[in-house]
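One-letter residues, chain by chain:
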Amino acid sequence: MLKYIYRVIILIGVFIASIFYFSRDIKEVVFDVDNTTIMENATFPLVTIKNSGMAMNLMHGYSNNLNANTIREAVTPLGPDQSLEIVIDQKENEIKKLIFELREFSDNTLLEEDTVSVFEEDENIKTASIKIKTQLTQEKEYALKVTLVTSESKKLYFYQRIKPFENAYVKEKLDFILDFHKALLKKSTAQNVLQYLEPDSDVDNTSLAHVNINSSFDLVSWGNLKPSVITEVIPTIRECYIDTASVELNYIVKSDASGSTEYYSVREFYRIKYTTSRMYLLNYERNMESLFDANLISLTKSEIKLGITSDFKVPYLSSDDEKMITFVRGRKLWLYDLEENKMTLVFSYAQEKTDYIRDIYDQHEIRIIDMDAEGNINFCVYGYINRGQYEGRVAVVLYEYIKAENRVEELLYIPVEEPYQTLKEHIGDFSYMSSMDIFYFHIFERLYSYNLITRELKELANHIPKENLIEIKDINTIVWQEDQEGKEKKDILVMNLETGERQTITAPSGYNIMLLDKIDSNIIYGFVKPKDIVTSPDGRQIIPFSEIEIVTYDKKILKNYKKSGYYITAIKVNDNVVELTRVKKSTLDGIVTYHPATSDYIMNQIITNKSLLKVTTRVTDLTLTEVYLSMPSGFVMKEIPTYDSAVNTIITQDPTVRLPETEMNTELYYAYVYGGVSKAFRNAGDAVKEADQKIGTVINENKQIVWERVAKGTKKEIDITKLNWAITNNRSIETCLKLLLSYQGVAINLEQLSMKNNSMYDMLKTYGKKTPVLLDGITLDQALYYVSEGRPVIAMTGDREAVLIYGYDGFNIMVIDPQKGTALKIGLQDGNQLFQEAGNIYLSYLE
């Protein structure tokens, strides 16, 4: 009996010792769930520019000390005296000092720095006068950084472009725009601006969400809505030239609709031209969005009102039993519990007592990652942080919403040193939270994992542009391929996000493999022989796939496409159809070229994706078309949902993680439209087309202006008399290169410009003094922008032939044709056809 007692004592001792030993390595994190708070209100001052006696260009402050040339939201025209006033609405701060830096916009070189400590004061408004001493180049953009120092020695940063003019007629332009804006608010005064409109009967006039210069007079003058403007209207000058300007007005209006007051965010865009005799309205657009109100419910149809909007997309997720739905609307994250009929505001920067300026500043995005059966939500917010402990910073923040406790807990904070407009182009569409609390995300062309338990950040792969990473959500799998220049691509990686298990899809011997896309849950890739890959004379790489395969995640081949004599250069997936862009190969004098062939198609089985929520529309006399969100079929909303809002949990553990690398490997071109990046492109020509269509500007990674939608002069002729071009030979490409380099002041001979192993772009990059630009697929009119700026343009006229464009007028272009050994004029229509048949390929350079 005694031995059993001893055994029990020994076991108890071992147990106690084990607890003591192992507990030393167990990290226990205790959260005080009672320590909750409401997010702090916005505190930063608001800063505007006063110039020509007018307020303009409202600026939001940053805590990040960003490079001065990273933000190009607005431009302030300067007069000959090179002075301006900075108007500071201090809000909750006391500003003691202002420091300004003037820098080159392209390379951020510091030109001037000074401090202002004496202000004009009017209650809570302080005004600082700045006079630039550096002699600025007319009509050239510079970067201005304004640093405000508070009484607590806190530094707040504000950013602006400035552009000097002899006279940009700023007051005349802004007076016209503000008068036009005010006139439209009443039918009686709107008649005064009717002459500037260009109504088109083919334009849709059924919605107030989007109105333009071609809309009906009734729609442009707000129909029957009779809105009241409730915020100050401060013009933002997006782009400015001597005669033209692009200006935006942002404001909030309210209107009594359906028996209640509704609020709308409005963005008006004007592009105008000044002349001494009159003002011309070149473009007018107005976009209107209802501010989402969870109390606006249609009980008769169990629908939530979205209101007046052009945005019909509602990102959402549902629980497996479809009894809870989380969705994003108006940069607010909501959770609707259908069983409890309860609407919870999970996350928003909007304040209860809003000023409609700082808290609803729209430079951030909310992304839902997942939601479990209990209604707990993982989500991230990326971009500018409007308020709270990180106010004024730019970051990616990961949160968890715990439904049972109705609280939001911050899990991860990743600060970044760039504005939202470029961050949104650099952050991938993929993010995932595993059941093991490992957060996967894609940013700056790198794939990361972050273990929330061990707090370990791992870089899983790099050199992965957005298009080279594919997520297959229904099987928790991602597929990627690294894009390393100069390296053969032999592998595609497939990883299960729950197990971490990886598989490799390898190219057969003698082939490269390239990831192309997905269809349903299957992977599409192509095989290409390295010897078939060619670089065209202008510098474009052509990758012709001899074979396309569609496979499952575990490498089971579902379809193999291969047809003798045909190669595939691109694919496009539309629902259940894969469209194949095909070419045929030809060889002449040892030179391989590919010529367009008819497209082909791969049909996939039709899979119907059930949509739980549907968007519907209704039309009323007062608001015209309004949008509603329909709840799941069979659900009946018997009464207005109850409302609640989540609270934030304060935790003592620092959630900050800094990324080791933020440099991009891919050169991107950014199409800036209405002060923001519409989209980033790898191809400069695609960016030009986007900017032209939407009246914008293209900027490269070095902050150089690549292209602008400007009113070109009616004629331009570049002086080429100093160039030795009167040579007739069959090397027209090399001759055009020599002429373009000579114009840059580079002395070079034709032998150095051999096309055997280099492209035209490579040689301009190697020998030129300026940054070259290859423009693929743009029109002749778009290419003439460079000529109007005093830069010749090489235009391809065949596979191995080119001319140099050096001038234009209203009817012709002026070119040097090396093969003919002469300068000649070509009609604009003939030139368009000539260059279009050669693929619309142009080369020039940037200043």
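Here, every reference points to the structure presented above.
Residues numbered from 1 in each chain as written. Predicted model: local features only at pLDDT ≥ 70, side-chain atom pairs only at ≥ 80, totals over all residues. Heavy atoms only, no water.

## Section: the overall build of the protein
Okay, step 1: In terms of regular secondary structure, the protein is built from 10 helices and 60 strands.
Okay, step 2: Relative to the globule expectation of 29 Å for 847 residues, the C-alpha radius of gyration of the protein, 31 Å, shows essentially globular dimensions.
Okay, step 3: If you line up the protein on its principal axes, its C-alpha atoms span 115 × 75 × 55 Å.
Okay, step 4: By residue count, 52% of the 847 residues in the protein fall in the buried class.
Okay, step 5: Carbon and sulfur atoms make up 47% of the accessible area of the protein, which amounts to about 39,900 Å² in all. (Helix = DSSP H or I, 4+ residues; strand = E, 2+ residues; numbered from the N terminus. Rg over C-alpha atoms; globule rule 2.2 N^0.38 Å. Buried < 20%, exposed > 50% of the residue type's maximum accessible area, 1.4 Å probe, protein only. Areas by Shrake-Rupley, 256 points an atom, 1.4 Å probe, with all protein chains shown as cover.)

## Comments concerning the sheet that holds strand S47 (residues 624–630)
Okay, step 1: Strand order in this open sheet of four strands is S18-S19-S47-S46, and the pairing throughout is antiparallel. With one partner strand each, in any of the chains shown, strand S18 (297–298) and strand S46 (614–620) form the two edges of the open sheet.
Okay, step 2: Here two bridges tie S18 to strand S19 (residues 303–307), and the two strands are oriented antiparallel to one another. Bridge pairing in S19 links Ser 298 to Glu 303. (Pairing = 2+ DSSP bridges.)

## Observations regarding helix H9 (residues 780–788)
Okay, step 1: The buried count for H9 comes to eight of nine residues, which makes it a mostly enclosed element.
Okay, step 2: Gly 790 lies just past H9 and shows a positive phi near 85°.

## Section: the pattern of salt bridges
Okay, step 1: For the structure on display, the rule yields 42 salt bridges.
Okay, step 2: In this structure, the salt-bridge partner of Glu 239 is Arg 161, at a minimum N-O distance of 3.4 Å. Taken as a pair, Glu 239 in strand S14 (residues 236–240) and Arg 161 in strand S11 (residues 155–164) lie far apart in primary sequence, 78 residues in all.
Okay, step 3: Taking relative accessible area as the criterion, Arg 161 reaches 0% and is therefore assigned buried.
Okay, step 4: One salt bridge connects Lys 403 with Asp 337, and the closest N-O pair in it is separated by 3.3 Å. With Lys 403 in the loop between strand S26 (394–402) and strand S27 (407–415) and Asp 337 in strand S22 (residues 332–337), this pair connects stretches of sequence that are 66 residues apart. (Salt bridge = Lys/Arg side-chain N within 4 Å of Asp/Glu carboxyl O.)

## A closer look at the pairing of strand S15 (residues 244–257)
Okay, step 1: Here S15 lies mainly inside the structure; 11 of its 14 residues are buried.
Okay, step 2: Inspection of the sheet shows strand S13 (residues 228–229) paired to S15 by two bridges, in the antiparallel sense. Bridged to Val 229 within S15 is Val 253.
Okay, step 3: Remark: three residues form the turn of the hairpin made by S14 and S15, two consecutive strands paired antiparallel.
Okay, step 4: Across 14 bridges, the pairing between S15 and strand S16 (residues 260–274) is antiparallel. Along S16, the bridge assignment pairs Ser 255 with Glu 262.
Okay, step 5: Here S15 folds back onto S16, and the loop between the two strands holds two residues, one of which, Ser 258, carries a positive phi near 55°.

## Some details on the packing of aromatic side chains
Okay, step 1: Applying the stated criterion across every chain, the model contains 31 aromatic pairs.
Okay, step 2: Residues Phe 269 and Tyr 674 carry aromatic rings whose centres are separated by 4.5 Å and whose planes lie at 55° to one another, so their mutual orientation is tilted. One end of the pair, Phe 269, is in strand S16; the other, Tyr 674, is in the loop between strand S50 (669–673) and strand S51 (676–681), with 405 residues separating them in the sequence.
Okay, step 3: For the pair Tyr 432 and Tyr 440, a centre-to-centre distance of 6.5 Å together with 50° between the ring planes defines the contact as tilted. In this pair, the class of Tyr 432 matches that of Tyr 440, namely buried.
Okay, step 4: Put simply, the rings of Phe 176, Phe 180, Tyr 196, Tyr 270 and Tyr 284 touch in pairs and so form one group of aromatic residues.
Okay, step 5: In this structure, Arg 286 is placed above the aromatic ring of Trp 222, and the distance from its NZ or CZ to the ring centre is 3.8 Å. (Phe/Tyr/Trp six-rings, centres within 6.5 Å; stacked < 30°, edge-to-face > 60°. Lys NZ or Arg CZ within 6 Å of the ring centre and 35° of its normal.)

## A closer look at unusual backbone geometry
Trans peptide bonds make up most of the peptide bonds, and negative phi angles are found at most residues other than glycine.
Okay, step 1: In this model, Asn 406 sits at a positive phi of 50°, which is unusual for a non-glycine residue.
Okay, step 2: Along the chain, the position of Asn 406 falls in the loop between S26 and S27.
Okay, step 3: Given the relative accessible area of 16%, Asn 406 is considered buried.
Okay, step 4: At Phe 444, a residue that is not glycine, the phi angle is positive and equals roughly 50°.
Okay, step 5: Relative to the assigned elements, Phe 444 resides in the loop between strand S29 (438–443) and strand S30 (446–451).
Okay, step 6: Classification of Phe 444 as buried rests on a relative accessible area of 3%.

## Some points on the sheet that holds S30
Okay, step 1: Pairing is antiparallel in the open sheet, where four strands are placed in the order S28-S29-S30-S31. Of all the strands in the sheet, just strand S28 (427–433) and strand S31 (456–461) have a single pairing partner and so form its edges. The mean inter-strand angle of the sheet, taken between neighbouring strand axes irrespective of direction, is 20°. (Axes fitted to C-alpha atoms, helices over the stretch in contact; angles between N-to-C directions.)

## Description of helix H8 (residues 760–767)
Okay, step 1: For H8, every residue scored as buried is listed here: Met 760, Tyr 761, Met 763 and Leu 764. One face of H8 carries all of its buried residues, which in axial projection span an arc of 165°. Pointing more than 90 degrees away from the buried face of H8 are the exposed residues Lys 765 and Thr 766.
Okay, step 2: Where H8 is buried, its residues touch helix H7 (732–743), strand S55 (771–776), strand S56 (793–796) and strand S60 (841–846). (Arc of directions from axis to C-beta. Contact = heavy atoms within 4.5 Å.)

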